[in-house]
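Coordinate inspection notes
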Amino acid sequence: MRLLFVPALFVASAALAADLPTFARIIPVEPIAKKKELLFSDDFSGPELGKAWGQVVPIFTLENGAMKGTQMRWDTPAADGKPAVVGHQAVVGTDVPTKDSVIEFKFKFAGATGVSAEFDDRKFEGSHYGHICMARVTPKAVIITDQKEGGMRNDIYEMKDPSKKEERAKLLVGRSATFPVTVDSDKWHDFVLETVGDSMRVTLDGKPVAFLNSPGIAHPTKSKVEFGCMGKDGFFKDVKIWNAEPAK
C-alpha cells in the first residue's frame, strides 16, 4: 500500500502534541475499499425529498436538482423566560445499514461553512444519540472523527466541567484529525468517503486528502447515514452509498 504523508492537526492540547499517533498523518494513495452492491442513490430529480429521507435537524429542501441544507438552529442565550438554544447544523438522514461502505456525493458551498457525512446507530447506547463516526469538509479543511470513542462517548460527552478539560483532551487524542485543504465555494466538488474496519479515507475531487484509523470506526452496525450542513446554504447532489469490502 502506497502512503501519502501530509500534515494533520489533531483535536488535542498543544502539550499532548508529542503523543499524537503518526498513522493519522499518513493517507493511503490507493482506495482502501472495494465497492460491492449499490445500496442507495438519489439524484434529487423529483419535486421533493423522497420518503427514504428524514429531517433530523431541519431544514433540507430541493432546488434545481440538488438537495439544499440550511442551518436553522443557532446559539441563543436564555431570555424572556425562554431556555437557551444550542446551535446545531441541519441534518437529514436515511436508514441504510452498513458495516463497510463507500459514500459518494457532489457538494457546493453557497454560504455554508461545512457539509458532512455521518454514521449513527440509534440502538447503540454507549454514545450520545448513537453517533459513531463522521467526515466533514469546510472551505479550509477535512475533518474525520471517531465519535463513538471520542467526543460523543457518554463519559466524555458529560465532561462539561472546565476542570476536566485536560482529562478530556487526553481521552480525545487520536480520535479526530484535521487535514488542510482549499475548497472553492463557487464550484461543485466530488466527495468520496471510504469506511473499512477501523479506518476512514476521504478523497476530494479525486485526490486523497484525509485518513484516520480509530477503534470506534469499526462499529459493526452503522444503521443510519446522515448528511449535515453548517450555515446557509450547502448543496448536495448525486448521492450514492455502496456496500464495500477491504481493497486488496
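Refer to the structure above for everything that follows.
What comes next concerns the included structure. Predicted, not measured: the structure shown is a model, and the values here were computed from it. Each chain has its residues counted from 1, running along the sequence as written. Whole-chain, interface and lining totals are the exception, using all residues; otherwise, since this is a predicted model, local features are given only for residues with pLDDT of at least 70 and side-chain atom pairs are given and counted only at 80 or more. Note: side-chain values were computed over all heavy atoms of the structure, leaving out hydrogens and water.

Numbered from the N terminus, helices here are DSSP runs of H or I no shorter than four residues, and strands are runs of E no shorter than two. Scanning the protein for helices and strands turns up two helices and 17 strands. In summary, the protein has a C-alpha radius of gyration of 18 Å against a globular reference of 18 Å for 248 residues, a match within 12%. Judged by the C-alpha coordinates and their principal axes, the protein covers about 60 × 50 × 35 Å. Among the 248 residues that make up the protein, the fraction classed as buried is 46%. Contact criterion: two residues are considered in contact whenever any of their non-hydrogen atoms come within 4.5 Å of each other. Considering only intrachain contacts with a sequence separation of at least 6, the fraction spanning at least 24 residues in the protein is 71%. A radius of gyration in this sense is built from C-alpha atoms; the matching globule rule multiplies 2.2 Å by the number of residues raised to 0.38. With a 1.4 Å probe rolled over the protein chains alone, any residue whose accessible area is under 20% of its type maximum counts as buried; one over 50% counts as exposed, and the rest are partly exposed.

Below, the discussion takes up the pattern of salt bridges. By convention in these notes, a salt bridge is any Lys or Arg side-chain nitrogen within 4 Å of a carboxyl oxygen on Asp or Glu. Here the structure, examined in full by the defined rule, presents eleven salt bridges. A salt bridge links Arg153 to Asp155; the shortest N-O distance between them is 2.7 Å. Using a relative accessible area of 22% as the deciding quantity, one classes Arg153 as partly exposed. Each of the salt bridges in this network shares a partner with another, and the network as a whole consists of Asp120, Arg122 and Glu226.

With that settled, consider the packing of aromatic side chains. Here is the rule: rings of Phe, Tyr and Trp (six-membered ring for Trp) pair when centre to centre is within 6.5 Å. Planes less than 30 degrees apart are stacked, more than 60 are edge-to-face, and the remainder are tilted. Per the counting criterion, the structure on display carries eleven aromatic pairs. With centroids separated by 4.8 Å and ring planes inclined at 25°, the aromatic side chains of Phe105 and Phe191 adopt a geometry described as stacked. Highlighted residues: Phe105 in strand β9 (residues 101-109) and Phe191 in strand β14 (residues 189-196), separated in sequence by 86 residues. The two residues Phe105 and Phe191 agree in class, both being buried. Linked through ring pairs, Phe40, Phe44, Trp53, Phe60, Phe105, Phe107, Phe109, Phe191, Phe227 and Phe236 together constitute an aromatic cluster. Between Lys160 and the ring centre of Tyr157, over which it is positioned, the NZ or CZ distance is 4.1 Å. Charge-over-ring placement is defined geometrically: NZ (Lys) or CZ (Arg) within 6 Å of the ring centre, and within 35 degrees of the ring normal.

Without other data, these values stay purely geometric and don't point to any function.
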